[in-house]
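# What the coordinates show
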Amino acid sequence: MAYLELDHLSKAFGPFQAVADFSLDVARGEFVSLLGPSGCGKTTTLQMIAGFEEPTSGTIRLNGRDLSGVAARDRGLGIVFQTYALFPHMTVAENVGFGLDMRKVRGKERKRRIAAALELVHLSHLAGRHPRQLSGGQRQRVALARALVIEPELLLLDEPLSNLDAKLREEMQLELRRIQQEAGVTTLLVTHDQNEAMALSDRIAVMHAGTLVQEAAPFEAYERPTTAFASAFLGKSNAIHGRYEGPEFVTKDGVRLAAPAPAADGAGAAGDVMLALRPERILFVEEADAVVSGKVVERVFLGDQWLFKVATPVGELLVTRRNGGHAEPEPGATVHLAWAADHLRVLAPEAAA
Amino acid sequence: MNPFLLSAPALALFGVMLVVPLIMTFILSFHSFGFYTGIEFTFGLHNYIDVLTDDYFYEIFGRTFAIALAVTVICVIIGTPMAFFLQRMRAWTRSIMVLIVLGPLLVSVVVRTLGWMILLGNNGVINSALMDMGLLTSPFRMMYTSGGIVVALAHVMVPFMVLAVWAALQRQDPATIAAAESLGARRSTIFRRVVLPQAMPGILSGSLIVFSLSASSFATPSLIGGRRVKVVATTVYDEFLNTLNWPLGAAIAIILLVAVLVIMVTWNRVVERQFAGVFQ
């Protein structure tokens with residue numbers, strides 16, 4: 001039996017269905033991300049687990065215990081809020097000690113656990129400071145220490161890195177992963193940042209419009225998205241629309257492409273389909289080897305890589321190339337593109353999106 | 001454009017309306033006064049010595065500050081929870097409530113105080129009602145007492161406190177309440193340990209406003225306190241207009257100003273030190 005079980009969870013706000021029939025199992029010690037754009041229901045799901053929102057239907061079980069009707073303060077979960085929500089009038093040590101006070105942990109034991117929690121997040125030297133005297137990254141760590149010191153059964157992270165600048169965010173990703181593994185705590189992360197979700201989690205649950213779209217390990221989710229939405233949301237993706245005529249794929253403009261055979265029962269068995277292709281799988285080749293040729297429409301330099309937009313007979317394609325220190329084709333130049341057919345993913349086109 | 005030039009009209013107004021009269025009052029307080037000679041342009045500290053050596057004035061100053069303190073305490077007790085509920089209301093109920101809270105300020109001070117006189121008098125509404133119900137045999141004196149002044153002043157001062165505390169509550173991150181809840185705190189604990197300490201800057205600024213306005217208020221104490229219960233402001237008025245001893249009145253006014261300033265600065269220091277984290 002799973003450690004955390006979300007069983008057919010739904011939440012409606014009036015006519016608006018925020019979460020619809022959402023089920024997810026999380027194993028003990030696992031790090032799972034709820035990933036999706038804003039308004040996809042991921043935060044509502046977190047709020048229901050935390051006990052700040054009551055599910056319209058469905059149940060939440062943690063370690064075999066049904067949480068319905070249990071008040072937020074009795075659930076014993078550690079939560080890191082997007083704004084960190086540190087108590088500004090308390091020092092770092094007092095912030096961390098708050099949860100212990102509520103559990104009537106006193107004296108030496110209280111001191112020892114505060115020290116251990118601050119040690120875990122590498123902030124022992126700042127115990128006497130007030131939150132306002134700390135940097136964003138340090139506040140983030142205090143929030144983590146405060147959530148972990150109560151030895152929660154479950155750690156909930158609500159977009160914990162979204163308020164940090166890009167460089168710090170990368171550092172904190174590594175740090176967060178280390179802390180989570182050291183503490184060995186089962187963790188659920190809510191984020192709209194696909195890089196964050198992929199870097200941190202054992203498993204990603206992609207959400208869209210209140211429903212679970214795909215649930216897989218990060219590599220699996222990136223390599224084998226099961227829907228057009230998951231494909232476009234996790235990283236960049238090119239979409240080539242068309243249909244199968246016999247074993248061959250024909251784009252809507254009539255170009256024939258070699259593509260993997262569609263699954264017998266899945267997408268592409270009949271009607272319109274979509275091929276998803278990652279931009280980094282497209283190579284620049286000699287004319288003779290080209291799958292398609294096209295003209296560079298736009299070119300963006302991103303430091304470690306180049307991003308090209310190429311107009312081709314199968315549509316505009318995004319292509320990324322590692323910056324190898326060579327001159328790259330200018331906008332307007334003709335380029336020849338090729339890819340291995342097994343890098344194409346056959347998906348059902350997104351309904352009306 | 002030069003910022004000094006832009007603020008010149010305000011500075012001129014401030015100078016003419018406040019600084020000049022204040023300096024003139026200050027100078028006036030060193031002059032002397034004779035019943036037959038009027039104001040004499042001498043220069044000495046005798047007015048201050050008169051005030052500071054006379055028990056009569058100590059009583060008046062003591063009463064004034066006691067009234068101001070009582071009003072401040074009442075406003076904190078009433079205003080803080082009011083602000084707390086205001087913060088938790090829905091937008092449209094809140095705007096109606098703000099209007100109700102501001103109500104006392106919308107009514108002229110004389111009209112408002114006369115209303116209190118109707119309520120508080122020996123034959124007033126409260127006493128008549130209590131006597132008709134048989135709860136009192138003789139009227140309970142509320143007019144011409146310090147208590148009456150406190151009640152009437154608190155009525156008009158509460159809005160200042162509510163607005164100040166409300167402003168502080170709005171600066172709070174609502175997630176701190178959720179965080180405390182997730183850590184196992186009950187509602188009462190959250191209020192005492194999370195909400196209230198963060199509201200302290202508002203309570204401090206509100207109490208500074210209420211205390212200084214109450215200590216220097218004139219119309220309410222003069223109508224409710226009458227001739228009997230004198231406060232500093234009514235004493236200054238009497239010195240200026242009845243005794244015509246302007247220099248003594250000026251000295252009392254200056255002493256009130258300095259005393260209020262000293263109390264406010266000290267109070268500010270004490271609270272700021274206590275709640276260092278919130279104020280930085």
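The structure presented is a predicted model; accordingly, all values stated were derived computationally and were not measured.

Before going further, it helps to spend a moment on the overall build of chain B. When its secondary structure is counted, chain B shows 14 helices and two strands. Taken along the three principal axes of its C-alpha coordinates, chain B extends 75 × 70 × 35 Å. By residue count, 34% of the 280 residues in chain B fall in the buried class. Partitioning the contacts of chain B with sequence separation of at least 6, the portion at a separation of at least 24 is 72%.

The next point concerns the interface of chain B and chain A. The interface of chain B with chain A comprises 19 residues on the first partner and 20 residues on the second. Counting residues per element, the ones that place at least two in the side of chain B that touches chain A are α9 (175-182), α10 (187-215) and α14 (276-279) of chain B. Of the residues forming the side of chain B that touches chain A, the biggest block, seven residues, is contributed by α9 of chain B. When grouped by side-chain class, the residues that make up the side of chain B that touches chain A number ten nonpolar, six polar and three charged.

For the rest of this paragraph, the subject is the domain arrangement of chain A. For chain A, the assigned domains read domain 1 (4-223) and domain 2 (236-347). Spacing between the C-alpha centres of domain 1 of chain A and domain 2 of chain A amounts to 39 Å.

Quick look at the nonpolar core now. Residues V96, A145, L156, L188 and V206 of chain A are the most contacted members of the largest nonpolar core, which totals 99 residues. Ranked by residues supplied to this core, first place goes to helix α4 (residues 136-148) of chain A with six residues. Counting contributing residues, this core receives three or more from each of domain 1 (4-223) and domain 2 (236-347) of chain A. With residues near it in sequence (within four places) discarded, A145 of chain A still touches V96, A117, L118, L120, V121 and L123 of chain A. The next biggest cluster of nonpolar side chains, apart from the first, holds 55 residues, and it includes A68, A154, A168 and L248 of chain B.

This part is about unusual backbone geometry. All names here are of chain A. Notably, D21 is not glycine yet its phi reads approximately 45°, a positive angle. Position of D21 among the secondary structure elements: in strand β2 (residues 16-26). Even without being a glycine, N63 presents a positive backbone phi close to 55°. Within the secondary structure, N63 sits in the loop between β4 (57-62) and β5 (65-66).

All names here are of chain A. Looking at the secondary structure, you find E287 in the loop between β15 (283-284) and β16 (292-301). Along the primary structure E287 and T334 are separated by 47 residues, whereas in three dimensions their C-alpha atoms are 9.9 Å apart. If near-sequence neighbours (up to four positions away) are discounted, E287 is found in contact with S293 and H336.

We now examine the pairing of strand β11 (residues 238-245) of chain A. Pairing of β11 of chain A with strand β14 (residues 272-277) of chain A, which is carried by six bridges, proceeds in the antiparallel orientation. The residue bridging N238 of chain A from the neighbouring strand is L277 of chain A, located in β14 of chain A.

All right, on to helix α1 (residues 42-50) of chain A then. Residues and elements named next belong to chain A. Burial within α1 is extensive, with nine of its nine residues counted as buried. Among the residues of α1, K42, T43, T44, T45, L46, Q47, M48, I49 and A50 are the ones counted as buried. Phi turns positive, to about 100°, at G51, one or two residues after α1.

A word on the environment of E54 of chain A. Mapped onto the elements, E54 of chain A comes out in the loop between α1 and β4. In this structure E54 of chain A comes out as exposed when scored by C-beta crowding, with 10 C-beta atoms within 10 Å.

We now examine the confidence of the model for chain B. For chain B, per-residue confidence averages 90 on the pLDDT scale, and residues scoring 70 or more make up 98% of the total. Across the whole predicted complex the pTM is 0.81, and at the interface the ipTM reaches 0.82.

A few words on the pairing of β16 of chain A. Residues and elements named next belong to chain A. Of the pairings in the sheet, the one linking β16 to strand β19 (residues 334-338) comprises four bridges and is antiparallel in character. Note that in β19 the partner of V292 across the bridge is L337. Strand direction decides the pairing type here: β16 and strand β17 (residues 305-312), joined by six bridges, are antiparallel. In the sheet register, E298 faces β17, and the bridge partner there is K309. Connecting β16 to the antiparallel partner β17 that follows it, the hairpin turn spans three residues, and G303 within it adopts a positive phi of roughly 90°.

Procedures and definitions
Residues numbered from 1 in each chain as written. Chains lettered and ligands numbered in written order. Predicted model: local features only at pLDDT ≥ 70, side-chain atom pairs only at ≥ 80, totals over all residues. Helix = DSSP H or I, 4+ residues; strand = E, 2+ residues; numbered from the N terminus. Buried ≥ 20, exposed ≤ 12 C-beta atoms within 10 Å, placed from the backbone. Contact = placed C-beta atoms within 7 Å. Nonpolar A, V, L, I, M, F, W, Y, C, P; charged D, E, K, R; others polar. Domains from an automatic or database assignment. Core = buried A, V, L, I, M, F, W, Y, C linked by C-beta atoms within 7 Å. Pairing = 2+ DSSP bridges. pLDDT = per-residue confidence, 0-100.

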